[in-house]
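Letter by letter, the chains look like this.
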Amino acid sequence: MTKLLAVCCIAMFAGFAIPTSAQEKPQPLRLTQTVPLPGVKGRLDHIGVDPEKKRLFVAAVTNDTLEVVDLTGGKVINSLVGFKDAQDALFLGGDFNKLYVTSLDGHVRVFQGDTFRPVQHFKVEAGPNRLFHDPATNLIYFGYGGQMAGNNASARVGILRPKRGAGDDQLVAAMIVPTPRPGHLAEIAMDDNGILLVCDSLADLIFQFDTQKRELIKSWPARGDGAADMALDRIRHRLFVGTRNPPEMTLYDSLSGKEIQSLPAPETMDGVYSTPTSSAST
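Residues numbered from 1 in each chain as written. Predicted model: local features only at pLDDT ≥ 70, side-chain atom pairs only at ≥ 80, totals over all residues. Heavy atoms only, no water.

Visitor: Describe the overall build of the protein, naming the residues involved and giving the relevant values.
Guide: Along its length, the protein carries 0 helices and 24 strands. Put simply, the protein has 282 residues, and 50% of those count as buried. Only carbon and sulfur atoms are counted for the fraction: they give 53% of the accessible area of the protein, which is about 12800 Å². (Helix = DSSP H or I, 4+ residues; strand = E, 2+ residues; numbered from the N terminus. Buried < 20%, exposed > 50% of the residue type's maximum accessible area, 1.4 Å probe, protein only. Areas by Shrake-Rupley, 256 points an atom, 1.4 Å probe, with all protein chains shown as cover.)

Below is the structure:
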């Protein structure tokens, strides 16, 4: 079975719970490109992007590969193998020039950014999922552990310090995430003053961390079951959290955790994105 990757121009859902001006009229989705993924079978998960060289990195979960797509040419230019349940990809350009890939079997792999030659490998507990890079500190955060690792009491947020060029990266710390029931850490976002937000898609909790002290500040329950993903409007401190049961998009104050509004959302939602001007899409 051949998979098709649709690349869309997204300009909708502007004004979710927030008024927009006449200059910010929502525009419909417009399909701009369809890229075949030859030989890829089963479910796809998250993607990473290299905006400079216009490359897309697609985690083909069931296929146990990471597909590298040339958006200019509209084709797959590489298929990286050796993963078990690939989850997410993060590309750091510039002097770093490295690609990071997580897989649920407990691995974070690092590849050279042009040749995709493996350069480093970190083995942690099972469950590594989303990757988040903080450009202010040049640290990478990722969640792991919890139910995937057979630990029903806690999960962890790993902290990775990338080094430029051929330098070896360092796994510098891990922050403990207490879970009242089996957890699986999903999306990560950074608020002001080094406040890190992490959602747990099984415990249905939002965790708030102080990254300077590397300790938990507080947590609050997410509405519904399956808090699969989230996005942050950092300007207004608005946190969009999508849940699957029921399928809803809930808006929280990212500082206090107070629920502001909840609206219906697509079923089986697995991605939430917010623009700097406060619009969100799923």
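Visitor: Mind laying out the nonpolar core, listing which residues take part and the relevant values?
Guide: Counting 17 residues, the largest nonpolar core has Tyr141, Val157, Leu196, Val198 and Phe209 as the members making the most contacts within it. Looking at this core, the elements with two or more residues in it are strand S12 (139-145), strand S13 (154-161), strand S14 (170-178), strand S15 (185-190), strand S16 (195-200) and strand S17 (205-210). (Core = buried A, V, L, I, M, F, W, Y, C linked by side-chain atoms within 4.5 Å.)

Visitor: Can you tell me about the sheet that holds S16, naming the residues and giving the values?
Guide: Taken together, 4 strands build an open sheet; the order of strands is S15-S16-S17-S18 and the sheet is antiparallel. Each having just a single partner strand, S15 and strand S18 (215-221) make up the two edges of the open sheet. Geometrically, the sheet is characterised by an average inter-axis angle of 20° between neighbouring strands, direction not taken into account. (Pairing = 2+ DSSP bridges. Axes fitted to C-alpha atoms, helices over the stretch in contact; angles between N-to-C directions.)

Visitor: Before we move on, could you go through the side chain of Gln120 and cite the residues and values that matter?
Guide: Along the chain, the position of Gln120 falls in strand S10 (residues 118-123). Side-chain polar atoms of Gln120 contact the backbone nitrogen of Asp169, separated by 2.8 Å. What Gln120 contacts, discounting residues up to four positions off in sequence, is Val108, Arg109, Val110, Asp168 and Asp169. (Polar contact = N/O pair within 3.5 Å; in protein donor to acceptor, adjacent residues only side chain to side chain. Contact = heavy atoms within 4.5 Å.)

Visitor: Report on the environment of Gly150, specifying residues and quantitative values.
Guide: Note that Gly150 resides in the loop between S12 and S13. Accessibility expressed as a relative area gives 63% for Gly150, which makes it exposed. Along the chain, Gly150 and Gly183 lie 33 residues apart, while their C-alpha atoms are 9.8 Å from each other.

Visitor: Just give me the short version of the pattern of salt bridges, but keep the residues and values in it.
Guide: In this structure the tally under the stated criterion is 13 salt bridges. The residue Arg236 makes a salt bridge to Asp233 at a minimum N-O spacing of 3.7 Å. A single salt-bridge network, built from bridges that share partners, covers Asp88, Arg130, Glu187 and Asp229. (Salt bridge = Lys/Arg side-chain N within 4 Å of Asp/Glu carboxyl O.)

Visitor: Account for the environment of Phe132, naming residues and giving values.
Guide: With respect to the element layout, Phe132 can be found in strand S11 (residues 131-134). According to the relative accessible area criterion, Phe132 is buried, its value standing at 18%. Sequence-distant contacts of Phe132, defined by excluding residues within four places in its chain, comprise Leu139, Ile140, Tyr141, Ile188, Ala189, Met190 and Leu196.

Visitor: How would you explain the side chain of His237 if you had to name every residue and give the values?
Guide: By the element assignment, His237 lies in the loop between strand S19 (225-233) and strand S20 (238-245). A polar contact is formed between the side chain of His237 and the side chain of Asp192, at a distance of 3.4 Å. Ignoring anything within four residues of it in the chain, the contact list for His237 reads Asp191, Asp192, Tyr252, Asp253, Ser254 and Leu255.

Visitor: I'd like a description of the packing of aromatic side chains, backed by residues and values.
Guide: The tally for this structure, following the rule as stated, stands at 5 aromatic pairs. Where Phe83 meets Phe111, the ring centres are 6.0 Å apart and the plane angle is 55°; that geometry is what we call tilted. Residue Phe83 is found in the loop between strand S6 (75-80) and strand S7 (86-92), and its partner Phe111 is found in strand S9 (residues 107-112); the two are separated by 28 residues along the sequence. Each member of the pair, Phe83 as well as Phe111, carries the same accessibility label: buried. Among the aromatic residues, ring-to-ring pairing joins Phe57, Phe91 and Phe116 into one connected group. In this structure, Arg55 is placed above the aromatic ring of Phe91, and the distance from its NZ or CZ to the ring centre is 5.1 Å. (Phe/Tyr/Trp six-rings, centres within 6.5 Å; stacked < 30°, edge-to-face > 60°. Lys NZ or Arg CZ within 6 Å of the ring centre and 35° of its normal.)

Visitor: Mind laying out the sheet that holds strand S8 (residues 98-103), listing which residues take part and the relevant values?
Guide: Here 4 strands make up an open sheet; going across it, the order is S7-S8-S9-S10 and the pairing antiparallel. Because the sheet does not close on itself, it has two edges, and the strands there are S7 and S10. Each neighbouring strand pair of the sheet contributes to a mean axis angle of 15°, computed without reference to strand direction. Pairing geometry for S9 and S10, over 5 bridges, is antiparallel. Considered in S10, the bridge of Phe111 is made with Pro118.

Visitor: How would you explain unusual backbone geometry if you had to name every residue and give the values?
Guide: Residue Pro246 follows Asn245 across a cis peptide bond; omega there is 0°. At Lys54, a residue that is not glycine, the phi angle is positive and equals roughly 55°. Locating Lys54 in the fold gives a position in the loop between strand S3 (44-50) and strand S4 (55-60). The phi dihedral of Asp64 is positive, around 60°, even though this residue is not glycine. Relative to the helices and strands, Asp64 is located in the loop between S4 and strand S5 (65-70). Taking the relative accessible area as the measure of exposure, Asp64 reaches 22% and is therefore partly exposed.

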